[in-house]
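Here is what each chain is made of, one letter per residue.
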Amino acid sequence: MINVQQIGKIGLLLLVCTAVVAGFLWVPPVTTFFSPELARIAVFHIPCSIVGLVATIVGVWFALRYLRLRDLRDDIKSSVSLSLALLLWCLTTVTGAVFAKAEWGAYWSWDIKQISIVLLLLIYMAYFALRAAVDDARKRAAVSAAYTLFALVAVPFLTLVLPNSTPNTLHPKNTVFSVEYWVVLGAFSLGLTLIYVWAYRLHIALEMMQRKLDLRARVILRKRTPTASVTVEARP
């Protein structure tokens, strides 16, 4: 019997590997860059940012859904998606730093786009620090969802408005990429999106399983805890 999931995983692996190899061997250098060969990193840097934004939007959506329905499963879905978003924003920062070192001579130059992504990382690091500080599940979900409303305002500002608010940026503008760039960029974006979906579903399944085990452990512990016997003396 054909296992569709296994075929899908193999196909995803081939897609990502092909995109990576094509990014290094097939995509031509960009002569307008100081390091034309290293311009190829754009086909990995940009998809990390795109999928990171998608994961953030999914996390915000389920946070808002929790505020409306008060279903703890929505809180799990929100936190899982935002944890993957944080990972993708970190990958965006790392790939951008590699490009910056070759193009501008330093890993970090406090460019407006670099400042924006640092603020974004701090916002979501604070989100997970806040979750870790609250023990009660429902209170943690409510506080996290409320905090996500703040992020809902900050994310578009930090990803779209602030980076484009000034012409004084080291990031290249109006760069013309060849067709090969767009083909590989699209393929890697698709592969990374599918990896996000796979990791998202797997992480949620593990979180749900852990929650069931914790609930079962509390029930067993409650049954084993001896109750205090109360002796009532009859009056003469």
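First, a word on scope: everything that follows refers to the structure included in this document. This one's a predicted model, so the numbers in the text were calculated from it and none came from an experiment. (Residues numbered from 1 in each chain as written. Predicted model: local features only at pLDDT ≥ 70, side-chain atom pairs only at ≥ 80, totals over all residues. Heavy atoms only, no water.)

### Re the pattern of salt bridges
- This structure, assessed with the given rule, holds 4 salt bridges.
- Here Asp71 and Arg73 are joined by a salt bridge, their closest N and O atoms 2.8 Å apart. (Salt bridge = Lys/Arg side-chain N within 4 Å of Asp/Glu carboxyl O.)

### A look at the packing of aromatic side chains
- With the rule as written, the count across this model stands at 8 aromatic pairs.
- Taking 5.8 Å as the distance between ring centres and 85° as the angle between the ring planes, the aromatic pair formed by Trp108 and Trp110 counts as edge-to-face.
- Judged by its relative accessible area of 59%, Trp110 falls in the exposed class.
- Both rings, one in Tyr127 and one in Tyr147, keep their centres 6.2 Å apart while their planes meet at 40°; by these two values the pair is tilted. Remark: Tyr147 occurs in helix α5 (residues 137–161) and Tyr127 occurs in helix α4 (residues 112–133); sequence separation between them is 20 residues.
- A relative accessible area of 1% means that Tyr127 is categorised as buried.
- Aromatic ring contacts, followed pair by pair, group Tyr124, Tyr127, Phe128, Tyr147 and Phe150 into a single cluster. (Phe/Tyr/Trp six-rings, centres within 6.5 Å; stacked < 30°, edge-to-face > 60°. Buried < 20%, exposed > 50% of the residue type's maximum accessible area, 1.4 Å probe, protein only. Helix = DSSP H or I, 4+ residues; strand = E, 2+ residues; numbered from the N terminus.)

### Things to note about unusual backbone geometry
- For Arg70, which is not a glycine, the phi torsion comes out positive at approximately 60°.
- Along the chain, Arg70 falls in the loop between α2 (42–69) and α3 (72–104).
- In this structure, Trp110 is a non-glycine residue whose phi angle is positive, near 55°.
- Tracing the chain through its elements places Trp110 in the loop between α3 and α4.

### Some points on α4
- With 22 residues, α4 should reach 32 Å at 1.5 Å per residue; the first-to-last C-alpha distance of 32 Å fits that figure.
- For α4, the complete set of buried residues consists of Ile112, Gln114, Ser116, Ile117, Leu120, Leu121, Ile123, Tyr124, Tyr127 and Arg131.
- A distance of 3.2 Å separates the backbone nitrogen of Lys113 from a side-chain oxygen at the start of α4, and that oxygen is part of Asp111. (Expected span 1.5 Å × (residues − 1). Polar contact = N/O pair within 3.5 Å; in protein donor to acceptor, adjacent residues only side chain to side chain.)

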